[in-house]
Amino acid sequence: MAKRGKGRGAGQAAGVIEVPAGTKPNGPVEGVYYIDTGDCELVADPDNSNGWLLKINGVMSSHIDVAEPLFLDFEYMRWIAALVESKWPPESKPKLRALHLGGGACSLARYFHSAYPDARQVVVELDGKLAEYVRGWFDLPKAPLLRIRVGEAREVTEGLTPDTRDLIIRDVFAGAFTPRALTTREFNDHAQRVLAPGGLYVVNSGDAPDLKNAREDAATIADTFAHTMIIADPAMLKGRRYGNMIMAGSHEPFGDDPQLARKLLGGAVPAHIWNDAKVRAFAVGAQIRHDPRPAA
C-alpha cells in the first residue's frame with residue numbers, strides 16, 4: 001500500500017523477462033518477472049534516470065535510486081528513517097542490529113547501510129525468487145552487513161534469540177493489509193522478546209478512511225509496549241484517504257526530539273506525530289487482536 005512522494009509518475013514496464021534457471025539478472029531490466037508468489041514488475045522511473053519502481057502482483061512495493069541509497073521516494077519510508085535517526089543519531093556511529101520483516105527491493109535496508117555503515121541487518125522475504133532478483137538488480141551490501149533470509153516473517157521471528165535486535169520494522173502486505181498473524185498481541189510478544197532493552201518496534205499500518213485497521217493495530221501495540229507513537233499526514237489521521245500510518249512501540253520513552261517533529265513537518269508530505277497519550281486515545285474501544293484459539 002505504498003504511496004510515492006509528490007511529483008513522480010508511475011511509468012509502464014515492458015513484456016515478460018525470462019531468466020534462465022540457475023542464473024541471476026545482471027542489473028535492472030524493465031519488464032515483468034515470474035516469482036514464487038506470482039509476478040513482479042520492474043519499471044524505470046520516468047522522472048529519475050537512476051530510479052526503479054518495483055510492483056509485486058500489481059501493487060506498488062518499492063523504489064530504488066541506484067545512484068543514491070539515501071534517497072527514499074516513499075514518504076512512509078522517510079518517516080521511518082527520520083524516527084530511527086532521531087533515536088540513534090548516525091553521527092554517533094551505532095552498531096545497529098535491524099530486522100526487516102518484508103523485503104521488496106530492500107530500500108530501507110540499503111538506506112540504513114549507508115546511514116549506519118556498521119549496522120548488521122537481516123531482511124526476511126517470503127519469496128525466494130524475488131530475493132534472488134533483487135540481489136541481481138541492485139547493488140546491495142553483502143552478508144554479514146545485509147542478509148536476505150527467505151522465510152515467513154512470523155516463523156522467522158519466533159525462532160530468533162532474545163535480546164538480539166535493536167530495531168524491528170514490520171512492512172509486510174498481502175494486498176492492502178498486513179497478514180493478521182503479524183498483527184496480533186502474541187506476535188508482538190515475540191517481537192518484544194527479540195528486541196534488546198530500549199529496542200524499537202516499527203510497523204507500516206495501511207488502512208482505509210474508516211481507520212478500523214489502524215485503531216486495532218494501535219490498540220494491540222499499546223497493549224504490548226509501555227510507550228507508543230504514530231506518524232502520519234493530517235489527511236490520514238483524520239480518515240480522509242487510504243494510506244499509511246507509521247506506528248512504533250518501545251519500553252523506553254522515544255520520539256520526543258523537537259528536531260524530529262520539525263523534520264517531519266518539512267518533508268514533501270508533511271507529517272504529524274501523535275504521542276503515547278494520543279495513540280491510546282485513538283485506540284480506545286478498538287479490538288486488541290489475538291491469535292485464534294486452538295481447536296478443542
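Residues numbered from 1 in each chain as written. Predicted model: local features only at pLDDT ≥ 70, side-chain atom pairs only at ≥ 80, totals over all residues. Heavy atoms only, no water.

(A) Structural view of the overall build of the protein chain. Across its full length, the protein chain holds nine helices and 12 strands. For the protein chain, the C-alpha radius of gyration of 18 Å lies close to 19 Å, the compact-globule estimate for 296 residues. The dimensions of the protein chain, computed from C-alpha atoms along their principal axes, are 50 × 50 × 40 Å. If you take every contact in the protein chain between residues at least 6 apart in sequence, the share linking residues at least 24 apart comes to 69%. Of the roughly 12,900 Å² of accessible surface on the protein chain, a fraction of 53% belongs to carbon and sulfur atoms. Across the protein chain, the 35 positively charged side chains and the 37 negatively charged ones have centroids separated by 3 Å. (Helix = DSSP H or I, 4+ residues; strand = E, 2+ residues; numbered from the N terminus. Rg over C-alpha atoms; globule rule 2.2 N^0.38 Å. Contact = heavy atoms within 4.5 Å. Areas by Shrake-Rupley, 256 points an atom, 1.4 Å probe, with all protein chains shown as cover. Lys, Arg positive; Asp, Glu negative; His and termini not counted. Charge placed at Lys NZ, Arg CZ, Asp CG, Glu CD.)

(B) Quick look at the sheet that holds strand β2 (residues 38-44). Strand order in this open sheet of four strands is β1-β2-β3-β4, and the pairing throughout is antiparallel. The open sheet is flanked by β1 (31-35) and β4 (59-65), the only strands paired with a single partner. The average undirected angle you get between the axes of adjacent strands in this sheet is 25 degrees. Bridge count between β1 and β2: five bridges; the pairing is antiparallel. When the bridges of β2 are listed, Val32 appears paired with Glu41. (Pairing = 2+ DSSP bridges. Axes fitted to C-alpha atoms, helices over the stretch in contact; angles between N-to-C directions.)

(C) Structural detail: the packing of helix α6 (residues 212-224) against helix α9 (residues 276-283). The N-to-C vectors of α6 and α9 enclose an angle of 125 degrees; their axes lie 8 Å apart at closest approach. Considering their axes alone, α6 and α9 lie oblique with respect to each other. The handedness of the crossing between α6 and α9 comes out as left-handed. Contacts from Ala214, Arg215, Ala218, Ala219 and Ala222 in α6 reach Val279, Arg280, Phe282 and Ala283 in α9. The residue makeup of the contact of α6 with α9, split by class, is seven nonpolar, no polar and two charged. (Parallel < 35°, antiparallel > 145°, perpendicular 65-115°, else oblique. Left-handed = near helix turned anticlockwise from the far one by under 90°. Nonpolar A, V, L, I, M, F, W, Y, C, P; charged D, E, K, R; others polar.)

(D) Structural view of the confidence of the model for the protein chain. Confidence in the prediction of the protein chain, expressed as mean pLDDT, is 93, and 95% of residues score 70 or more. Ignoring residues within four places in sequence, the model shows residues 6-13, a span with pLDDT below 50, making 28 contacts including any to other chains. (pLDDT = per-residue confidence, 0-100.)

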